Amino acid sequence: MERQIAPVAHQSNAPVGINFFDPSTLETLNRFSTMFANSSLVPENYRIGGVVGGKTGEGPKKTVSEAEAVANCVIAFDVATRIVASPLMVMQNLYIVYGRPSWSSKFLIATINTCGRFEPLKFEMTSNGVCSNGVANVKCVAWTTPKGVTHDENGKPITSKSPQALRGTAVTIQMAVEEGWYTKNGSKWRTMPEQMLRYRAASFWCSTYAPELSMGMRTVEENIEDADYIDVTTQVEEEIAAQANKSVVGFDNDEEAPAPPAPRNVPAGVGEIQEQETTSPVNQASAEDEEPGY
């Protein structure tokens, strides 16, 4: 019996982005983007006057200008058109991590489940021994089937081991340890490992079978965990606790600040004369010209 294949939309019917070269479309887009940028319901990045940054991966804290807010809304509209989603949903799930746009993992899973090409994503969790650090090495595999393909040719329900199943790359806790995700500062792998396994497995699956759904963008967790940066948070906290540069910078405590150096005993009027001589070289030269030479 022939293998069942879910129908795939023809390329001509595939959703495309906004035509930025059409003046009428651009005018309408700008009007809608301005409306969204003035709304209190959109996230800070898309709101005029919104305050963003200040957290790990977000850069310094700043206020979003009107031009930046409208431009961000325009991009969100274009992304929403390409993936056939609500613009507000895109705005609420598209984050900037170390300067890179990143999807929230739950939004990526929802996009896969509602795209109409696949059955809802499933996760197979199995025990895989013990990791090198002594914790349980749980393995997670994301899998699903083409839309409408739920039983094989014999009428039996398809499982993750069936030939029709679309299996993603296996993710394990040992992988998280070896890749350095587990030991990152503030890592969620130590506090909610099963959730992080599902998030990473879903991202791997999407990258393999439907990268167009994520538009090539990674998830927030991936960009944070794989970023090549030095976290100096602990170092700064230690320096503050030790009151670094205490002899130079003033502190609000009971210790007295070092006394300023005592002024020299200079005869009255000498400082004024020296200042005049220094600041008025033209007058000084004129006085020398009037004196007789020896």
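Look a little higher up for the structure.
Residues numbered from 1 in each chain as written. Predicted model: local features only at pLDDT ≥ 70, side-chain atom pairs only at ≥ 80, totals over all residues. Heavy atoms only, no water.

Engineer: Could you clarify how one ought to interpret helix α1 (residues 23-37) in this entry?
Structural biologist: Because each turn of an α-helix spans 3.6 residues, side chains separated by three or four positions in sequence point in the same direction. In this model, α1 (15 residues) spans 21 Å end to end at C-alpha, consistent with the 21 Å of a helix rising 1.5 Å per residue. Leu-29, Ser-33 and Ala-37 are the residues of α1 that are buried. Burial along α1 is one-sided: seen end-on, the buried residues are contained in an arc of 65 degrees. Opposite its buried face, α1 presents the exposed residues Glu-27 and Met-35, each directed more than 90 degrees away. Looking at the packing, one finds that the buried side of α1 touches α2 (66-83). (Helix = DSSP H or I, 4+ residues; strand = E, 2+ residues; numbered from the N terminus. Expected span 1.5 Å × (residues − 1). Buried < 20%, exposed > 50% of the residue type's maximum accessible area, 1.4 Å probe, protein only. Arc of directions from axis to C-beta. Contact = heavy atoms within 4.5 Å.)

Engineer: Just to check I follow, could you spell out the nonpolar core for this structure?
Structural biologist: Across soluble globular proteins, you tend to see nonpolar side chains buried next to one another. If you look at the biggest cluster of nonpolar residues, it comprises 26 residues, and the most contacted ones within it are Ile-112, Ile-173, Trp-189 and Trp-205. Counting only elements with at least two residues in this core, the list comes to α4 (105-114), β6 (136-144), α5 (173-179) and α6 (193-209). When residues in this core are grouped by element, the largest group, eight residues, is from α6. When sequence neighbours within four positions are dropped, the list of residues in contact with Ile-112 reads Phe-118, Leu-121, Ala-202, Trp-205, Cys-206 and Leu-213. Formed by 22 residues, the second largest nonpolar core is a distinct cluster that contains Ile-18, Ala-37, Leu-94 and Phe-107. (Core = buried A, V, L, I, M, F, W, Y, C linked by side-chain atoms within 4.5 Å.)

Engineer: Teacher, can you tell me more about the pattern of salt bridges here?
Structural biologist: Evaluated as defined, the whole model comprises eight salt bridges. Measuring nitrogen to oxygen at the nearest pair gives 3.3 Å for the salt bridge that ties Arg-47 to Glu-44. For Glu-44, a relative accessible area of 31% puts it in the partly exposed group. One salt bridge connects Arg-198 with Glu-194, and the closest N-O pair in it is separated by 3.8 Å. (Salt bridge = Lys/Arg side-chain N within 4 Å of Asp/Glu carboxyl O.)

Engineer: When you look at the packing of α1 against α2 in this model, what are you seeing that I'm missing?
Structural biologist: When two helices pack together, their arrangement is given by the angle between the helix axes and by the axis-to-axis distance. Two elements in contact, α1 and α2, have axes separated by 8 Å at closest approach and are oriented at 115 degrees. Here α1 and α2 pass one another in a crossing that is right-handed. Two secondary-structure elements touch here, α1 through Leu-29, Asn-30, Phe-32, Ser-33, Thr-34, Phe-36 and Ala-37 and α2 through Ala-69, Val-70, Cys-73, Val-74 and Phe-77. Among the residues forming the contact of α1 with α2, the class breakdown is nine nonpolar, three polar and no charged. (Axes fitted to C-alpha atoms, helices over the stretch in contact; angles between N-to-C directions. Left-handed = near helix turned anticlockwise from the far one by under 90°. Nonpolar A, V, L, I, M, F, W, Y, C, P; charged D, E, K, R; others polar.)

Engineer: Explain the packing of aromatic side chains here, please?
Structural biologist: Describing an aromatic ring pair means giving the distance of the ring centres and the angle of the ring planes. This model, assessed by the stated rule, comprises five aromatic pairs. Taken together, a centroid distance of 5.0 Å and an interplanar angle of 90 degrees make the contact between Phe-118 and Trp-205 edge-to-face. Remark: Trp-205 occurs in helix α6 and Phe-118 occurs in the loop between α4 and β5 (122-130); sequence separation between them is 87 residues. An identical accessibility class is assigned to Phe-118 and Trp-205; each is buried. Among the aromatic residues, those joined into a cluster by ring pairs are Phe-118, Trp-205 and Tyr-209. Over the ring of Trp-143 we find Lys-122, and its NZ or CZ is 5.1 Å from the ring centre. (Phe/Tyr/Trp six-rings, centres within 6.5 Å; stacked < 30°, edge-to-face > 60°. Lys NZ or Arg CZ within 6 Å of the ring centre and 35° of its normal.)

Engineer: It is not clear to me how α2 should be interpreted in this structure. Could you clarify?
Structural biologist: Compared with an ideal rise of 1.5 Å per residue, which puts 18 residues at 26 Å, α2 spans 26 Å between its outermost C-alpha atoms and is within 8% of the ideal. When we look at burial in α2, the residues that qualify are Ala-69, Val-70, Cys-73, Val-74, Ala-76, Phe-77, Asp-78, Val-79, Ala-80 and Ile-83. Tucked into the core, α2 has its buried residues touching α1, α3 (87-93), β4 (100-103), α4 and α7 (211-214). Two residues or fewer past α2, Val-84 is found with a positive phi of approximately 55 degrees.

Engineer: Help me out: how do you make sense of the side chain of Ser-104 in this one?
Structural biologist: Tracing the chain through its elements places Ser-104 in the loop between β4 and α4. With a relative accessible area of 7%, Ser-104 lands in the buried category. A polar atom in the side chain of Ser-104 sits 2.9 Å from the side chain of Asn-93. Each residue touching Ser-104, except ones within four places of it in the same chain, is listed here: Asn-93, Tyr-95 and Val-220. (Polar contact = N/O pair within 3.5 Å; in protein donor to acceptor, adjacent residues only side chain to side chain.)

Engineer: It is not clear to me how the pairing of β6 should be interpreted in this structure. Could you clarify?
Structural biologist: For β5 and β6, the ladder comprises seven bridges, and the chain directions are antiparallel. Note on β6: the bridge partner recorded for Thr-126 is Lys-139. The loop that links β5 with its antiparallel partner β6 comprises five residues; one of these, Gly-134, has a positive phi angle of about 95 degrees. Pairing of β6 with strand β8 (residues 171-172), which is carried by two bridges, proceeds in the antiparallel orientation. Bridge assignment links Lys-139 to a residue of β8, and that residue is Thr-172. Pairing analysis gives two bridges linking β6 to strand β7 (residues 166-167), with the strands arranged antiparallel. Residue pairing in the sheet places Trp-143 in a bridge with Arg-167 of β7. (Pairing = 2+ DSSP bridges.)

Engineer: For this particular structure, what's the right way to read the packing of α4 against α6?
Structural biologist: At a minimum axis separation of 10 Å, α4 and α6 run at an interaxial angle of 50 degrees. Overall, the two elements α4 and α6 adopt an arrangement that is oblique. α4 and α6 meet at a crossing whose hand is left-handed. The residues of α6 that touch α4, namely those facing Ser-105, Lys-106, Leu-108, Ile-109 and Ile-112, are Tyr-199, Ala-202, Ser-203, Trp-205 and Cys-206. For the contact of α4 with α6, the per-class residue count stands at seven nonpolar, two polar and one charged. (Parallel < 35°, antiparallel > 145°, perpendicular 65-115°, else oblique.)

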